[in-house]
Amino acid sequence: MAEHFHINTPLLESAAMSKHVGTTVYLKMENCQPSGSFKIRGIGYLCQQLKSQSKGFVCSSGGNAGMAAAYATRKMGVPATVLIPSSTPHFVVQRLEDQGALVKIVGKVWDDANAEALRLVETEGLSYVPPFDHPLIWKGHSSLVAEAAATLGPNVKPGAVLLSVGGGGLLCGVVQGLKDVGWMDVPIIAMETLGADCLNASLKAGRMVTLDDITSEAKSLGAKRVCAKAFEYSRSQEVTIISEVVTDQQALHAVETFLDDQRVLVEMACGATLAAVYSRVVHRLQAEGRLPARLRPLLVIVCGGCNVNAEQLSQLKQKLQKKAIFGVHQKNAEQ
Ligand code: PLV
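Residues numbered from 1 in each chain as written. Predicted model: local features only at pLDDT ≥ 70, side-chain atom pairs only at ≥ 80, totals over all residues. Heavy atoms only, no water.

Enquirer: Tell me about the side chain of Thr-257, and please be specific about residues and values.
Expert: Locating Thr-257 in the fold gives a position in helix 10 (residues 248-262). Its relative accessible area of 16% is what places Thr-257 among the buried residues. At 2.6 Å, the side chain of Thr-257 forms a polar contact with the backbone oxygen of His-253. (Helix = DSSP H or I, 4+ residues; strand = E, 2+ residues; numbered from the N terminus. Buried < 20%, exposed > 50% of the residue type's maximum accessible area, 1.4 Å probe, protein only. Polar contact = N/O pair within 3.5 Å; in protein donor to acceptor, adjacent residues only side chain to side chain.)

Enquirer: For the packing of helix 10 against helix 11 (residues 268-278), give the residues involved together with the corresponding values.
Expert: Orientation of helix 10 relative to helix 11, taken along the N-to-C sense of each, is 85 degrees, at an axis distance of 7 Å. If you check the angle between helix 10 and helix 11, you find them roughly perpendicular. Here helix 10 contributes Asp-248, Gln-250, Ala-251, Leu-252, His-253, Ala-254, Val-255, Thr-257, Phe-258 and Asp-261 to the contact with helix 11, which in turn contributes Met-268, Gly-271, Ala-272, Leu-274, Ala-275 and Tyr-278. Here the contact of helix 10 with helix 11 is built from residues that sort into 10 nonpolar, four polar and two charged. (Axes fitted to C-alpha atoms, helices over the stretch in contact; angles between N-to-C directions. Parallel < 35°, antiparallel > 145°, perpendicular 65-115°, else oblique. Contact = heavy atoms within 4.5 Å. Nonpolar A, V, L, I, M, F, W, Y, C, P; charged D, E, K, R; others polar.)

Enquirer: I'd like a rundown of the sheet that holds strand 7 (residues 160-164), residues and numbers included.
Expert: With respect to topology, six strands assemble into an open sheet ordered 1-2-10-7-8-9, the strand pairing being mixed. Bordering the open sheet on either side are strand 1 (11-13) and strand 9 (241-246), each of which pairs with just one other strand. Adjacent strand axes in the sheet meet at a mean angle of 25 degrees when their direction is disregarded. Where strand 7 and strand 8 (residues 188-193) come together, four bridges link them in parallel fashion. Directly across from Leu-163, in strand 8, lies its bridge partner Ala-190. (Pairing = 2+ DSSP bridges.)

Enquirer: Please set out the site of the ligand residue by residue, giving values where relevant.
Expert: Lining the immediate environment of the ligand, one finds 22 residues, of which Ser-61, Gly-62, Asn-64, Gly-166 and Gly-168 sit closest. Take Gly-62: an N or O atom from its main chain is 2.8 Å from an oxygen atom of the ligand. The contact in question runs from an oxygen atom of the ligand to an N or O atom on the backbone of Ala-65, over 3.1 Å. In the complex, the protein chains occlude 100% of the 520 Å² of accessible area that the ligand would expose alone. Broken down by secondary-structure element, the contributors of at least two residues to the shell around the ligand are helix 3 (64-76) and helix 7 (169-181). Looking at the shell around the ligand residue by residue, the class counts come to 10 nonpolar, 11 polar and one charged. (Near = heavy atom within 4 Å. Areas by Shrake-Rupley, 256 points an atom, 1.4 Å probe, with all protein chains shown as cover.)

Enquirer: Give a detailed account of the environment of Asp-133, specifying residues and quantitative values.
Expert: Tracing the chain through its elements places Asp-133 in the loop between strand 6 (127-129) and helix 6 (135-152). The spatial distance from the C-alpha of Asp-133 to the C-alpha of Cys-270 is 19 Å, given a sequence separation of 137 residues. Residue contacts for Asp-133: discarding those within four places in its chain leaves Trp-138 and Cys-227.

Enquirer: So what's going on with the packing of helix 3 against helix 4 (residues 91-98)? Which residues, and what values?
Expert: Direction vectors running N to C along helix 3 and helix 4 enclose 20 degrees, while the axes themselves pass 9 Å from each other. Relative to helix 4, helix 3 is oriented roughly parallel. Of the two possible hands of crossing, helix 3 and helix 4 adopt the one that is left-handed. Contacts from Gly-66, Met-67 and Ala-70 of helix 3 reach helix 4 at Val-92, Arg-95 and Leu-96. Its residues placed into classes, the contact of helix 3 with helix 4 shows four nonpolar, one polar and one charged. (Left-handed = near helix turned anticlockwise from the far one by under 90°.)

Now the structure itself:
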């Protein structure tokens, strides 16, 4: 990857999170990427590879893949259309337009926007940029593991990698990155939120399932179906992938605590990963014997995300509080 659009992100040791979990926590700060998330690694790489044969790109996205596509295509001087669902916060439209993309809002969830993107590929001959399901995207994402390994040096090997799963592109990239650096014995803790848990639901069912709807507020994790490669890796013997689900409340709590601890605002999608520390998922896995009691440092991928600002965060908080109160009333009424 000679010329690329992503940057080598900082790897920060978090004293606050290390204290929570009882082992050193290293944060791979993908929120620092020029597009606001790790997505620029894979999407940037894919766009580069498609450039010579392309008259324009179309990307379906929950927001962040689109932001990465818009950024990369602006740098390359090729037009891009980004299709997002209505569940993506409205201020993201402006952010995408500021990157020079033509934005269309299609349907309620990402799967709806994606169907329209595939139609445009057929009717207008645009090059399709998927948000997660492509080998070149995984190859691009894999660079983050090589970078982390280089920064940690030969004497430090993580006890686990923590990441979020939407459609599973980040997961596939990290598995490949672990292969590249010879860390295939490092387990991955793959985090999802309840209501956007397509990997966990598939693993429980023993086959790939499609969720009826995305009911989680972590909309960037909102693919109804995980990509086949992520499902395959999750069931293979060559790597240990521990699939865990947290609630939206836990993801939001993690976003807020992280904001206080690190002074960094991330999306709910990223909060899912952080909740593994703040909601003691790692502790539980240790208690269950699925992670060792004496754990080597944790490598936490701070995937970032642009679909958040201060106002949206407070609205989200109110919404989840209302949902919780409504849930209690409903339970009482049922009793
Ligand atoms: N978001 C995709 C898919 O959305 C998108 O188009 O933006 N963390 C953040 C901040 C993300 O934006 C995403 C994916 C993920 C994690 C999960 O990555 P994945 O899809 O590769 O598992 C529907």
